[in-house]
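Structural description and commentary
Listed below are the residues making up each chain.
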Protein chains: 4
Amino acid sequence: MQLGMIGLGRMGANLVRRLTNNGHTCVVYDRNRAVVKELEGRGVQGTASLDEFIAKLSKPRAAWVMVPAAVAGETVQELASRMEAGDIIIDGGNTYYRDDLERAKALKIRGIHYVDCGTSGGVFGLERGYCLMIGGEEDVVKHLDPIFKTIAPGIKSAPRTPGRNGASIPAEEGYLHCGPPGAGHFVKMVHNGIEYGIMAAYAEGLNILKHADVGLHPRAQDAETTPLRDPEAYQYQIDVGQVAEVWRRGSVVSSWLLDLTAAALVDDSELTGFSGQVSDSGEGRWTALAAIDEGVPTPVINAALFGRFESRGEADYANRLLSAMRKQFGGHDEKKE
Amino acid sequence: MQLGMIGLGRMGANLVRRLTNNGHTCVVYDRNRAVVKELEGRGVQGTASLDEFIAKLSKPRAAWVMVPAAVAGETVQELASRMEAGDIIIDGGNTYYRDDLERAKALKIRGIHYVDCGTSGGVFGLERGYCLMIGGEEDVVKHLDPIFKTIAPGIKSAPRTPGRNGASIPAEEGYLHCGPPGAGHFVKMVHNGIEYGIMAAYAEGLNILKHADVGLHPRAQDAETTPLRDPEAYQYQIDVGQVAEVWRRGSVVSSWLLDLTAAALVDDSELTGFSGQVSDSGEGRWTALAAIDEGVPTPVINAALFGRFESRGEADYANRLLSAMRKQFGGHDEKKE
Amino acid sequence: MQLGMIGLGRMGANLVRRLTNNGHTCVVYDRNRAVVKELEGRGVQGTASLDEFIAKLSKPRAAWVMVPAAVAGETVQELASRMEAGDIIIDGGNTYYRDDLERAKALKIRGIHYVDCGTSGGVFGLERGYCLMIGGEEDVVKHLDPIFKTIAPGIKSAPRTPGRNGASIPAEEGYLHCGPPGAGHFVKMVHNGIEYGIMAAYAEGLNILKHADVGLHPRAQDAETTPLRDPEAYQYQIDVGQVAEVWRRGSVVSSWLLDLTAAALVDDSELTGFSGQVSDSGEGRWTALAAIDEGVPTPVINAALFGRFESRGEADYANRLLSAMRKQFGGHDEKKE
Amino acid sequence: MQLGMIGLGRMGANLVRRLTNNGHTCVVYDRNRAVVKELEGRGVQGTASLDEFIAKLSKPRAAWVMVPAAVAGETVQELASRMEAGDIIIDGGNTYYRDDLERAKALKIRGIHYVDCGTSGGVFGLERGYCLMIGGEEDVVKHLDPIFKTIAPGIKSAPRTPGRNGASIPAEEGYLHCGPPGAGHFVKMVHNGIEYGIMAAYAEGLNILKHADVGLHPRAQDAETTPLRDPEAYQYQIDVGQVAEVWRRGSVVSSWLLDLTAAALVDDSELTGFSGQVSDSGEGRWTALAAIDEGVPTPVINAALFGRFESRGEADYANRLLSAMRKQFGGHDEKKE
């Protein structure tokens, strides 16, 4: 079927490619003319303006918005202002689900349908397919089923779960209608929150391995430094990159994130190309906010989130307060390392 | 080559099967005669006593101990007392690496070699192979290479990591000599610590999804209950089992542990068969102890560990203290829910 | 000066007492006639309706609202609908500061001033005075200074901070104008978040002392239970109540919360009267939300908050998931303790 | 009574002063002759060698060791080698209680008594008295009672706990015999663990206040930065030093540590004199180790401990791993701030 795509960054462009590779047709638009040109060809119709984009879509129109979260809201509005009742806007980015709720409500008044679609797959999605978490009205999501089915990885991409038999359900194909508007991004948000936790678990564990040699190093002997009681128990010089590699096969912690970690460590096990300032782009925070609102304890996900804050120096003032307190009660001068 | 196996529980028996299925021969012993009988046959020689076990092994003997951690120490001693210089004991269980250090040192005096081997693979290892993390002397580990190579899953069990070319290294086959005695169990310990963190990340995230409907439920209105500010944002009734399923394909959080989670949720998404008292069998604690000794922050792994403690009621006295303090300063009566 | 007080619960009534004991006059109202009657007398004028309450206040009126958070919003509205430009409403409860922002904005249109005042002091405030954290317009807060000064504990209630000399500032008297509307409750919110952290620190530490005898007790010996490596190091039977008492004098952890803990432990060091379901009434959550919005790491405050969630069984589903995963990968049956 | 004191640093010297000010006599020794000279005078007998020190003590000798943890062990040994059965060594430093267990055991063979005494009071103890947590044999601790009683702050230093009547118990005087050898340092260790938690609670909370103005600052608009949804809710410029001051009076979070925080902020609310590298000198780690051994969850204390590790860059490798993973799966370039 036909789909309009606005935003031809890495993700948007790859979605178009995956769709047209599989028999769908796409009308595409991006502020950047060059990327439009690049995609034009078999099954892809480029457009030079939003007006042209809208004009080329058959009714009921279906337009997928794949732009940075910061401009998603205005893009949806600009699209909607050119659409009519029965048309569909799909937000495939990392929008906060509360924005979905507001947008869906505003569009509904005009009869325009809003579908939110959390899209996971990173740079590998073109080939492997994307995992889709979808929110929206039942019949609208059903109408878009051919699109979702093509974008998703398909049942063959993983062994079938024991206990699941007969005809596959969409979840097994790699896409799921999670509920009413916002549900898709809600599930995607939590998905990313989990990702923060998993990433941190690996990073912490490998950091322990990296420091398994502390017993080999001399240690300051002063009142501000805890002595190492059993240095002989920390004499291991472990090749962290090889450990990541060996865990990829047969181990309970094998995962895609581990594959990526192993890949990152192949060239440079010291990771000297990174400074360790870890960004967080929203989903982790929103997950934490939702957990608190719900009253659900999420110590692991929060620890992972806070670790990122700390990596960017956000605990700095707090740490200086701690040093100041120590100075006050014990006369401890801060140690410069 | 020939390997002796002591302890024919699920893991030990499957190791023997995997070895003999691939051309090795095994001499086996277990206090439970029945399981010995069951294994006897092609390539497997059962024995009725430790003495017989030792007698049937060709020199230099190689005996793999696969018994519960609680009895591993005495088993190693009983074996060693019957062995001679040049023989090898492999501890394939979940021994604390500090015990390895002591045992290796004690055995070395008598010329007996000690190899520790962390073995991951759970109930799936017979078919998929086991991921092996090995500690011990270089030449001894090398001598056992045919055994390790057969037990491990092999390079085909995962796509090759980009950047790794040419002849495979053992890590790519799924086994790794991590360092001197204790190093294998050290790496396995951290592996399990990571596993705690990953498991908790999934569990927390899915718990958020499970409670995404809090806005649909009436809420007590009293001074002891936080009002839900935006109930309309928590009206989702999400099928947690289907979410686990959909994430298995194409998503960044796909992993073996997720596969298992999806399987567990197929039959009973409410998990009514479990009470939620989560055991911890040592590795998580030891990981946490090592991190503290090293001075490495591991907030995620620790949060996962403490979550298990809490699930078993170990925060009970602390919680009663909190209620008592609240009663003291605010006159708050504890709310019974 | 004259102050109106709506809501004569423990806090409201004690504020009235403290004010009238010190020369101010109060007009009071509560839906419960009995508590109004009880307060009437020297300096206190009871009223039977909001209309009468408003009528008895001299202009510009100043009315302090001291009602549960759940009804504070409507009470402010009912008051405001009877007031005129120049009048002042003070919300002295535990309102979420974002509600303050909205209320202040709405009232400003009509020329009514809104002051938010976080009030700490618990059941001891009548005698000791209340710590006040105030948000509102500069001149309005200044106008109310005599009220705040009387309610606050006064500079004598603590030794002067070294470095503070000359005339006292309000902060030293125990009240502080923190900023524009909402600032008072913002600071009070964080105050309570800190309180959660401190309470949990004590509770955790005392829980460690309580369990310092684990080495004296027999321990299950099975694959699901971590053996205690050094039982001889955990043979202490510590009188937790006496420890709380001894720390009250001279120790770095002495505090009011510790005083209260010691008091709670005098009668019943086992705290058998409590079940350990710890409520959270909002401020802790809001603190956590603010930290996340700001990107500030607050692992301790969050851990304290999540501990309360867990004490109420909110991790239950997550824990059952963990048990289910363990069953799947290791065949571990859940241990019932 | 007479007490020997070895180690005349700030703590040791002040203990001697407090004792001799109150009628006891002290024999003192320190490697540094100058500090010995400085103390000599009324009630204080200086010595120039350990032999002389021992010679001047009346039998049964009582010698208090107040030296850095790193040299406490050898000092105890040197003392013991010059002592005889019935003599007493008191370790008043911050020794790990497991070392106490070993030392007490070794000395017992020779009939020498070992008493461990956790001493809290910081630089204020000379005037305010020290809180003492004592481990050792019943009758030996009893024998030293006059010493402990004088060092402790006394019952007047805090209001009596409601419910405690009649003659004071030692805990109310500020010293407590906690149990057999090691118990004193065990309790002191946990005391310091709690201190870590309390300090971090304050630091985190004040850090939230410090950043309550994030809505006033421009924010990067890119895919790596979470947008601030409600900037108007974060427009507060809060005087953190004044907040610390106001909480000192009447508030539930008042404490000695808060007094110290307020003092630190008087001169320099930006704390520009500190870099924020927070030391940990052992007790926090040991507390965490004990909690894990006992199976007691201590998320708050651990978060505080890990915060210190992080402040010293110990999460660095872990953070670079996170950035590397993000680069791998999402093509995210690390943002340099």
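Everything here concerns the structure above.
These numbers come from a predicted model, not from an experiment.

Looking now at the overall build of chain A. When helices and strands are tallied, chain A shows 15 helices and 8 strands. Along the first, second and third principal axes, the C-alpha set of chain A runs to 75 × 45 × 45 Å. The buried share of chain A, reckoned over its 337 residues, is 65%. Of the contacts made within chain A by residues no fewer than 6 positions apart, 63% connect residues no fewer than 24 positions apart. As displayed, chain A offers around 11,600 Å² of accessible surface, 50% of which is attributable to carbon and sulfur atoms.

Residues and elements named next belong to chain D. A sheet is described by the order of its strands in space; here 8 strands give the open sequence 3-2-1-4-5-6-7-8, paired in mixed fashion. Every other strand in the sheet has two partners, leaving strand 3 (44–46) and strand 8 (175–179) as the edge strands with one partner each. Strand after strand, the sheet turns through a mean of 25° between neighbouring axes, direction not considered. Judged from the 4 bridges that link them, strand 5 (residues 88–91) and strand 6 (residues 113–120) form a sheet pairing that is parallel. Within strand 6, the residue paired with I88 across the bridge is H113. Along the sheet, helix 1 (residues 10–21) makes contact with strand 1 (2–6), strand 2 (25–29), strand 3, strand 4 (62–65) and strand 6, crossing strand 2 at roughly 160°. Here helix 5 (residues 97–109) sits on the sheet in contact with strand 5 and strand 6, set at roughly 155° to strand 6.

Moving on: the interface of chain A and chain B. Counting residues at the interface gives 95 residues for chain A, matched by 95 residues for chain B. Contact between chain A and chain B buries roughly 7,600 Å² in total, counting both sides, with carbon and sulfur atoms accounting for 67%. Linking chain A with chain B are 4 salt bridges, by the criterion used here. The dominant element in the side of chain A that touches chain B, judged by the number of residues it contributes, is helix 10 (residues 183–210) of chain A, at 18 residues. Its residues assigned to classes, the side of chain A that touches chain B comprises 56 nonpolar, 23 polar and 16 charged.

Now for the relation of the copies chain D and chain C. After a rotation of 180° and a shift along the axis of 0.0 Å, chain D superposes on chain C with an RMSD of 0.0 Å. Between the two chains, the operation in question is that of a two-fold axis. Considering only C-alpha atoms, the part of chain D nearest the rotation axis is D:S255, at 2.0 Å. Looking at chain D, 100% of its interface residues are interface residues in chain C too, so the copies touch through the same face.

What counts, and where the lines are drawn
- Residues numbered from 1 in each chain as written.
- Chains lettered and ligands numbered in written order.
- Predicted model: local features only at pLDDT ≥ 70, side-chain atom pairs only at ≥ 80, totals over all residues.
- Heavy atoms only, no water.
- Helix = DSSP H or I, 4+ residues; strand = E, 2+ residues; numbered from the N terminus.
- Buried < 20%, exposed > 50% of the residue type's maximum accessible area, 1.4 Å probe, protein only.
- Contact = heavy atoms within 4.5 Å.
- Areas by Shrake-Rupley, 256 points an atom, 1.4 Å probe, with all protein chains shown as cover.
- Pairing = 2+ DSSP bridges.
- Axes fitted to C-alpha atoms, helices over the stretch in contact; angles between N-to-C directions.
- Buried area = accessible area lost by both parts, 1.4 Å probe.
- Salt bridge = Lys/Arg side-chain N within 4 Å of Asp/Glu carboxyl O.
- Nonpolar A, V, L, I, M, F, W, Y, C, P; charged D, E, K, R; others polar.
- Least-squares fit on C-alpha atoms with pLDDT ≥ 70 in both.

By themselves, these are just geometric observations and shouldn't be taken as functional.
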